[in-house]
Amino acid sequence: SAVISQKPSRDICQRGTSLTIQCQVDSQVTMMFWYRQQPGQSLTLIATANQGSEATYESGFVIDKFPISRPNLTFSTLTVSNMSPEDSSIYLCSVDGGRGAYNEQFFGPGTRLTVL
Amino acid sequence: SQQGEEDPQALSIQEGENATMNCSYKTSINNLQWYRQNSGRGLVHLILIRSNEREKHSGRLRVTLDTSKKSSSLLITASRAADTASYFCATDAGGYNKLIFGAGTRLAVHP
């Protein structure tokens, strides 16, 4: 299994500002995923990040709001731009198990974001 | 959109009792997975069951899958206070490695 770390673990931000969340994996992985978990809710996939290509965003999420970088096979960042209180959520990155298609995913500990 | 529905939304039991959580989904799948989340932290993968499997065990966990009813259940036997967490089912109906999560069941196990 992969070991995933995220920075920061939590942050409190003012509306209108941006926050970049980092996700580091201890092994090379092809696909990385970013999820949002709003308070008391389940997880919703924001985008899939593959190294060397543009991230693929799910319906309801746009690159201008959630720009993603994937500079190499062990690292990715998600930026939450021009934040509003509605962006207060836990943001989680994950990676696939890497043994072909349709695997389990391994999750980072999450970044708890509060926007005032 | 989320396609998994779970029930109950919340479950409160005593240590030693069994806990059963159910998950339903809407479209065909290749596999269904169960995850645990402690207090808003990261998710821990528990078990994956493929569409051609009907039952799977892992320690105190037992998962069943009924593709004809598009439903799955997670049974935790002899529960412990440390099992207190939220449990989510997730299917691959979103596409290649794209998980769609259910709403989750909040389990509280009291000593």
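The shown structure was predicted, so the numbers you read here are calculated from the model rather than taken from an experiment. (Residues numbered from 1 in each chain as written. Chains lettered and ligands numbered in written order. Predicted model: local features only at pLDDT ≥ 70, side-chain atom pairs only at ≥ 80, totals over all residues. Heavy atoms only, no water.)

Caption draft 1: View of the overall build of chain A. Secondary structure summary: chain A contains zero helices and eleven strands in total. Starting at the N terminus and walking to the C terminus, you meet the elements of chain A as β-β-β-β-β-β-β-β-β-β-β. Relative to the globule expectation of 13 Å for 116 residues, the C-alpha radius of gyration of chain A, 13 Å, shows essentially globular dimensions. Based on the C-alpha atoms only, the size of chain A along its principal axes is roughly 40 × 25 × 20 Å. Within the span of chain A, comprising 116 residues, buried residues form 50% of the whole. Accessible surface computed for chain A: about 5300 Å², of which carbon and sulfur atoms make up 48%. Each charge class in chain A was averaged separately, 8 positive and 9 negative side chains, and the resulting centres sit 7 Å apart. (Helix = DSSP H or I, 4+ residues; strand = E, 2+ residues; numbered from the N terminus. Rg over C-alpha atoms; globule rule 2.2 N^0.38 Å. Buried < 20%, exposed > 50% of the residue type's maximum accessible area, 1.4 Å probe, protein only. Areas by Shrake-Rupley, 256 points an atom, 1.4 Å probe, with all protein chains shown as cover. Lys, Arg positive; Asp, Glu negative; His and termini not counted. Charge placed at Lys NZ, Arg CZ, Asp CG, Glu CD.)

Caption draft 2: Spotlight on the side chain of R70 of chain A. Residues and elements named next belong to chain A. Along the chain, the position of R70 falls in strand β7 (residues 68-72). Despite its burial, R70 pairs with no opposite charge; the closest candidate is D96, at 7.6 Å N-O. Engagement of the side chain of R70 in a polar contact is seen with the backbone oxygen of T30, the distance being 2.9 Å. In terms of polar contacts, R70 uses its side chain to reach the backbone carbonyl oxygen of A49, at 2.8 Å. Residues in contact with R70, not counting those within four places in the same chain, are V29, T30, M31, M32, A49, N50, Q51, G52, F75 and S76. (Salt bridge = Lys/Arg side-chain N within 4 Å of Asp/Glu carboxyl O. Polar contact = N/O pair within 3.5 Å; in protein donor to acceptor, adjacent residues only side chain to side chain. Contact = heavy atoms within 4.5 Å.)

Caption draft 3: Geometry of the state of the cysteines. Counting across every chain of the model gives two disulfides over all chains. Across the disulfide, C23 of chain A is cross-linked to C93 of chain A (sulfur-sulfur distance 2.0 Å). Taking the torsion about the S-S bond as the criterion, the C23 of chain A to C93 of chain A disulfide, at about 75°, is right-handed. Of this pair, C23 of chain A sits in strand β3 (residues 19-25) while C93 of chain A is found in strand β9 (residues 89-96), placing the two residues 70 residues apart along the sequence. Covalently, C23 of chain B is tied to C89 of chain B through a disulfide, its sulfur atoms 2.0 Å apart. Handedness here is read from the sign of the S-S torsion; for C23 of chain B and C89 of chain B, about 70°, the answer is right-handed. In this pair, C23 of chain B sits in strand β3 (residues 19-24) while C89 of chain B sits in strand β9 (residues 85-91), placing the two residues 66 residues apart along the sequence. The class of C23 of chain B is buried, set by a relative accessible area of 1%. Owing to a relative accessible area of 1%, C89 of chain B belongs among the buried residues under this scheme. (Disulfide = S-S within 2.5 Å.)

Caption draft 4: Examining the sheet that holds strand β1 (residues 4-7) of chain A more closely. Residues and elements named next belong to chain A. A sheet is described by the order of its strands in space; here four strands give the open sequence β1-β3-β8-β7, paired in antiparallel fashion. In this open sheet, the two strands that pair with only one neighbour each are β1 and β7. Neighbour-to-neighbour, the strand axes of the sheet open up by a mean angle of 15°, direction not taken into account. As defined by bridge partners, β7 adjoins strand β8 (residues 75-80) across three bridges and the pair is classed as antiparallel. Bridge assignment links N72 to a residue of β8, and that residue is F75. (Pairing = 2+ DSSP bridges. Axes fitted to C-alpha atoms, helices over the stretch in contact; angles between N-to-C directions.)

Caption draft 5: The arrangement of the interface of chain A and chain B in detail. Between chain A and chain B, the contact holds 25 residues from the first and 24 residues from the second. For the pair chain A and chain B, the summed buried surface comes to about 1900 Å²; carbon and sulfur atoms form 52% of the total. Put simply, chain A and chain B have one salt bridge between them. Among the ionic pairs, E58 of chain A bridges to K98 of chain B, the shortest N-O distance being 3.0 Å. (Buried area = accessible area lost by both parts, 1.4 Å probe.)

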